[in-house]
Amino acid sequence: MTAAEASKRGPKPAPRRGAKGLRHFLDLDQIPTATLRAILDLGHAYKRGDVLPGDARPCTGKTLAMVFEKPSTRTRVSFEVGMKQLGGFVTIINSQESQLGRGETIADTSRVLSRYADVVMFRTLRESSLVEMAAHATVPVINGLSDKSHPCQIMADLMTFEEIKGPLAGRTVTWVGDGNNVCASWVHATAHFGFTLRVATPKALAPDTRMVERVRAAGGDVVLFTDPAEAVDGADCVVTDTWLSMGHGVDGDAALKAHIAQLEPYRVDDELMARAALGAVFMHCLPASREREVSAAVIDGPQSVVWDEAENRLHVQKGILHWCLSGTGA
Ligand code: CP
Ligand code: NVA
């Protein structure tokens, strides 16, 4: 359907107030395993080109609104291209250029966007804003990264692991570096897919203890380390991320020097990768700082699958959009 044809259909009907069972995609620990499995399978199918045109119908003629409080390359472009490939439309709001930047509330923005769009993707500085957006939306809301998690990225990473290394169950993934938002979504994933996650961080930068305990209670196998070499021994996949996440300050600030300094022993280089299993892969969600969290030799070397991860954002997010717009309930 063209934009002109869509506009002929008239305004979007007012959504049901307080609609229940919306298919929000907020965090991997809030979504049933079977649903995540189905979304991953859709991602693989979209990539193979197996999804028939009719199967993409839930997105045809629908609009995705994306709200950004922080910069983005991959999330913005992969969602836009994906939604368009599924026959939908996209509108993008940078918070500082919208009334959000002048103090309009997230709740009011959410109510308004729900009247124009069929699904909202939100990249936010604060988890509480994501919760507020979802609480007031009458359409599904997707977490495009918060200070606490990055579920879309980890769906792409899980898909990448499966296509290169096979099933996740019984395998070992090692996170090295800052126990940040991306790390948290890896922790969440362990409760669903039967792999072991080893997390090597300085003690002060370990992932939130209560979150880890909750995931363990739900069946996740998460083992915390401070020694990166010990954590990487025999791993099937080694993952890291920037040492300085968005919203944590400006690189070069004196206040961040100590944060960076404690991460120095956690750089992923050839020596560390040599401890992993034969054929282990290296992952990084990007953007990367070469020679800081990872050496150029590793990220640009034969074990690196970072470009596959970036590509798979597109395929798996088509699965997420498909699921969000296919109905209600898990
Ligand atoms: N990995 C990721 O989310 O990248 P962007 O910040 O470019 O969206
Ligand atoms: N941890 C990083 C991920 C960027 C995609 C950040 O939050 O900036």
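Everything quoted here is computed from the prediction, not taken from an experiment. (Residues numbered from 1 in each chain as written. Chains lettered and ligands numbered in written order. Predicted model: local features only at pLDDT ≥ 70, side-chain atom pairs only at ≥ 80, totals over all residues. Heavy atoms only, no water.)

Draft legend 1. Structural view of the pattern of salt bridges. Summed over the entire model, instances satisfying the criterion amount to 15 salt bridges. One salt bridge in this structure joins Arg 275 and Asp 233, with 3.4 Å as the shortest N-O distance. Pair noted here: Arg 275 is in the loop between α11 (270–273) and β9 (281–284) and Asp 233 is in the loop between α9 (228–232) and β8 (237–240), with a separation of 42 residues, a long-range link. Judged by relative accessible area, Asp 233 falls into the partly exposed class, the value being 36%. Asp 251 is the partner of Arg 292 in a salt bridge, and the nearest nitrogen-oxygen pair spans 3.1 Å. Here Arg 292 is found in the loop between β9 and α12 (296–299), whereas its partner Asp 251 is found in the loop between β8 and α10 (254–263), with 41 residues between them in sequence. Taken together, the salt bridges that share partners define one network made up of Arg 37, Asp 41 and Glu 162. (Salt bridge = Lys/Arg side-chain N within 4 Å of Asp/Glu carboxyl O. Helix = DSSP H or I, 4+ residues; strand = E, 2+ residues; numbered from the N terminus. Buried < 20%, exposed > 50% of the residue type's maximum accessible area, 1.4 Å probe, protein only.)

Draft legend 2. Seen up close, the site of ligand 2. As a structural note, the neighbourhood of ligand 2 is formed by Leu 145, Asn 180, Asn 181, Val 182, Asp 241, Thr 242, Ser 245, Met 246, Cys 285 and Leu 286. Contacts to ligand 2 include Asn 180, whose side-chain N or O atom sits 3.3 Å from a nitrogen atom. Between Met 246 and ligand 2, the recorded distance is 2.7 Å, taken from a backbone N or O atom to an oxygen atom. Here ligand 2, which alone exposes 270 Å², has 95% of that area covered by the protein. Across the shell around ligand 2, the residue classes break down as five nonpolar, four polar and one charged. (Near = heavy atom within 4 Å. Polar contact = N/O pair within 3.5 Å; in protein donor to acceptor, adjacent residues only side chain to side chain. Areas by Shrake-Rupley, 256 points an atom, 1.4 Å probe, with all protein chains shown as cover. Nonpolar A, V, L, I, M, F, W, Y, C, P; charged D, E, K, R; others polar.)

Draft legend 3. Structural detail: the site of ligand 1. Close to ligand 1 lie Ser 72, Thr 73, Arg 74, Thr 75, Arg 123, His 150, Gln 153, Cys 285, Leu 286 and Arg 313, which account for all nearby residues. Contact with the protein chains removes 95% of the 260 Å² of surface that ligand 1 exposes when unbound.

Draft legend 4. Up close: the pairing of strand β5 (residues 172–176). Of all five residues that make up β5, five are buried, and the element is covered over most of its length. With five bridges joining them, β5 and strand β6 (residues 196–200) adopt parallel strand pairing. What sits directly across from Val 173, in β6, is Leu 197. Handedness of the β5-helix α7 (residues 181–193)-β6 crossover: right-handed. Direction of pairing for β5 relative to β8: parallel, over a ladder of three bridges. Bridge pairing in β8 links Trp 175 to Val 239. (Pairing = 2+ DSSP bridges. Right-handed = clockwise from strand over helix to strand, strands pointing away.)

Draft legend 5. Examining the nonpolar core more closely. Among the nonpolar cores identified, the biggest contains 56 residues, and Phe 25, Ile 142, Met 155, Leu 158, Trp 186, Phe 195 and Leu 321 are the most heavily contacted of them. Setting aside its immediate chain neighbours within four residues, Met 155 contacts Phe 25, Leu 28, Leu 36, Ile 39, Leu 40, Val 316 and Ile 320. Counting 19 residues, the second largest nonpolar core, distinct from the first, contains Val 268, Val 298, Ile 299 and Val 306. (Core = buried A, V, L, I, M, F, W, Y, C linked by side-chain atoms within 4.5 Å. Contact = heavy atoms within 4.5 Å.)

Draft legend 6. Layout of the side chain of Glu 162. Mapping Glu 162 onto the fold places it in helix α6 (residues 151–165). According to the relative accessible area criterion, Glu 162 is buried, its value standing at 14%. Polar side-chain contacts of Glu 162 include one of 2.6 Å to the side chain of Arg 37.

Draft legend 7. Looking closely at the packing of helix α3 (residues 74–85) against helix α13 (residues 306–324). At a minimum axis separation of 9 Å, α3 and α13 run at an interaxial angle of 50 degrees. As the angle between them shows, α3 and α13 are arranged oblique. For the pair α3 and α13, the sense of crossing is right-handed. Here Arg 74, Thr 75, Ser 78, Phe 79, Val 81, Gly 82, Met 83 and Gln 85 of α3 come into contact with α13, specifically with Ala 310, Arg 313, Leu 314, Gln 317, Lys 318 and Leu 321. For the contact of α3 with α13, the class distribution of residues is six nonpolar, five polar and three charged. (Axes fitted to C-alpha atoms, helices over the stretch in contact; angles between N-to-C directions. Parallel < 35°, antiparallel > 145°, perpendicular 65-115°, else oblique. Left-handed = near helix turned anticlockwise from the far one by under 90°.)

Draft legend 8. Spotlight on the environment of Gly 301. Looking at the secondary structure, you find Gly 301 in the loop between α12 and α13. Look at Gly 301 and you get buried, because its relative accessible area is 16%.

Draft legend 9. Up close: the sheet that holds β9. A sheet is described by the order of its strands in space; here five strands give the open sequence β7-β6-β5-β8-β9, paired in parallel fashion. Each edge of the sheet is formed by a strand with only one pairing partner; in this case those strands are β7 (221–225) and β9. Direction aside, neighbouring strands of the sheet carry axes that sit 20 degrees apart on average. Of the strands in this sheet, β5, β8 and β9 touch α6, which is tilted by about 165 degrees from β9.

Treat this as a map of the structure, not an account of what it does.
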